[in-house]
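Structural features, examined
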Amino acid sequence: MEYVTLNSGENMPLLGTGTNTYGKENDEYNGKLSGDFTALKDAIELGYRSIDAAISYGNEAGVGKTVAESEVPREEFYITTKIPNGEEYVGSKEAIRQTIEKSLSHFETDYLDLFLIHHPIKNKKHFRQTWEVFEEYYKDGKLKSIGVSNFDEDLLNEMKEFATVKPAVNQIQINLQEKNEELITLLKNLDITPVAWGPMKATDEQQKKLAEIGEKYNKSWAQVLLRYQTQRGIVVIPKSHNRDNQAANIDIFDFELTADEIQTIDHL
């Protein structure tokens, strides 16, 4: 595994697994909870240690239980979860604290590695107080890093008015169909690490070109795409329910794309 050092000083794995459909019927985001977390257990057995969860996925308790019951020591995991923007979660400082404490309880831990605002909070008071509580927990060591998700430049600028701790990451959609290059450049200039959700989206033609690059390394188009992002310092959190695909996704750190190959992918 390779890591990126966040502005908090913490090291985050460059690759992890998403969890938004784990433990749900038919492996669907809106599926009812089934309690079957075999896919997450497989990922952990294969070496995944960065686990990207969220309260709004509705399965945080099951994800947390699966992680806690694995035979892997807590300190080897990098656990991310996210607070929703509903009033019941962010309407008061006490609600925010209760939400964080519940997540700590779900993961059976006394700290989380990364806690994010999942979506922009339109109410400015709620936005500010959410970050203020995040900073409390960050300074107490209960949240090792804090950050945001799905934020644009305007929202990041708004945060400067009240944040005393800079977001460590901004988790946004990054793939070959939604490149988000301007925002990535801005984040890097601000020393905020971009984390890519939905990293595997690519057209058939793009997949074909990636596969051609991968032939030299005996790697698939998907492995080339993930390696492309991680070599650029972008964290990726692909997710699969297929053990073979999970194994392939994490098997990307034994080759390095050339500058010309990266440039070719840049222009796909």
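Before reading on, note that the structure itself is shown above.
Residues numbered from 1 in each chain as written. Predicted model: local features only at pLDDT ≥ 70, side-chain atom pairs only at ≥ 80, totals over all residues. Heavy atoms only, no water.

Moving on to the sheet that holds strand S10 (residues 235–236). Taken together, eight strands build an open sheet; the order of strands is S3-S4-S5-S6-S7-S8-S9-S10 and the sheet is parallel. In this open sheet, the two edge strands, each paired with only one partner strand, are strand S3 (17–18) and S10. Here four bridges tie strand S5 (residues 78–83) to strand S6 (residues 114–117), and the two strands are oriented parallel to one another. Its bridge partner lying in S6, lysine 82 is registered against leucine 116. (Pairing = 2+ DSSP bridges. Helix = DSSP H or I, 4+ residues; strand = E, 2+ residues; numbered from the N terminus.)

Quick look at the pattern of salt bridges now. Enumeration according to the criterion identifies 17 salt bridges in this entry. The closest approach of N and O atoms between aspartate 113 and arginine 74, which form a salt bridge, is 3.0 Å. In this pair, aspartate 113 sits in the loop between helix H4 (93–106) and S6 while arginine 74 sits in the loop between helix H2 (60–69) and S5, placing the two residues 39 residues apart along the sequence. A single burial state applies to aspartate 113 and to arginine 74, both of which are buried. Its salt-bridge partner being arginine 97, residue glutamate 136 comes within 3.0 Å of it at the nearest N-O pair. Of the two residues, glutamate 136 sits in helix H5 (residues 124–139) while arginine 97 sits in helix H4, which places them 39 residues apart along the sequence. (Salt bridge = Lys/Arg side-chain N within 4 Å of Asp/Glu carboxyl O. Buried < 20%, exposed > 50% of the residue type's maximum accessible area, 1.4 Å probe, protein only.)

Under the criterion given, the structure shown has six aromatic pairs. Judged by centre distance (5.2 Å) and plane angle (85 degrees), the ring pair of phenylalanine 127 and phenylalanine 162 falls under edge-to-face. Of this pair, phenylalanine 127 sits in helix H5 while phenylalanine 162 sits in the loop between helix H6 (153–159) and strand S8 (169–173), and the two are 35 residues apart along the sequence. Neither residue differs from the other here; phenylalanine 127 and phenylalanine 162 are each classed as buried. The interplanar angle of 40 degrees and the centroid separation of 5.0 Å between the aromatic rings of tyrosine 217 and phenylalanine 255 together place this pair among those described as tilted. Note that tyrosine 217 is positioned in the loop between helix H8 (204–214) and helix H9 (221–231) and phenylalanine 255 in the loop between helix H10 (243–250) and helix H11 (259–266), a separation of 38 residues in sequence. (Phe/Tyr/Trp six-rings, centres within 6.5 Å; stacked < 30°, edge-to-face > 60°.)

Honestly, that's just the spatial picture; any functional story needs more than this.
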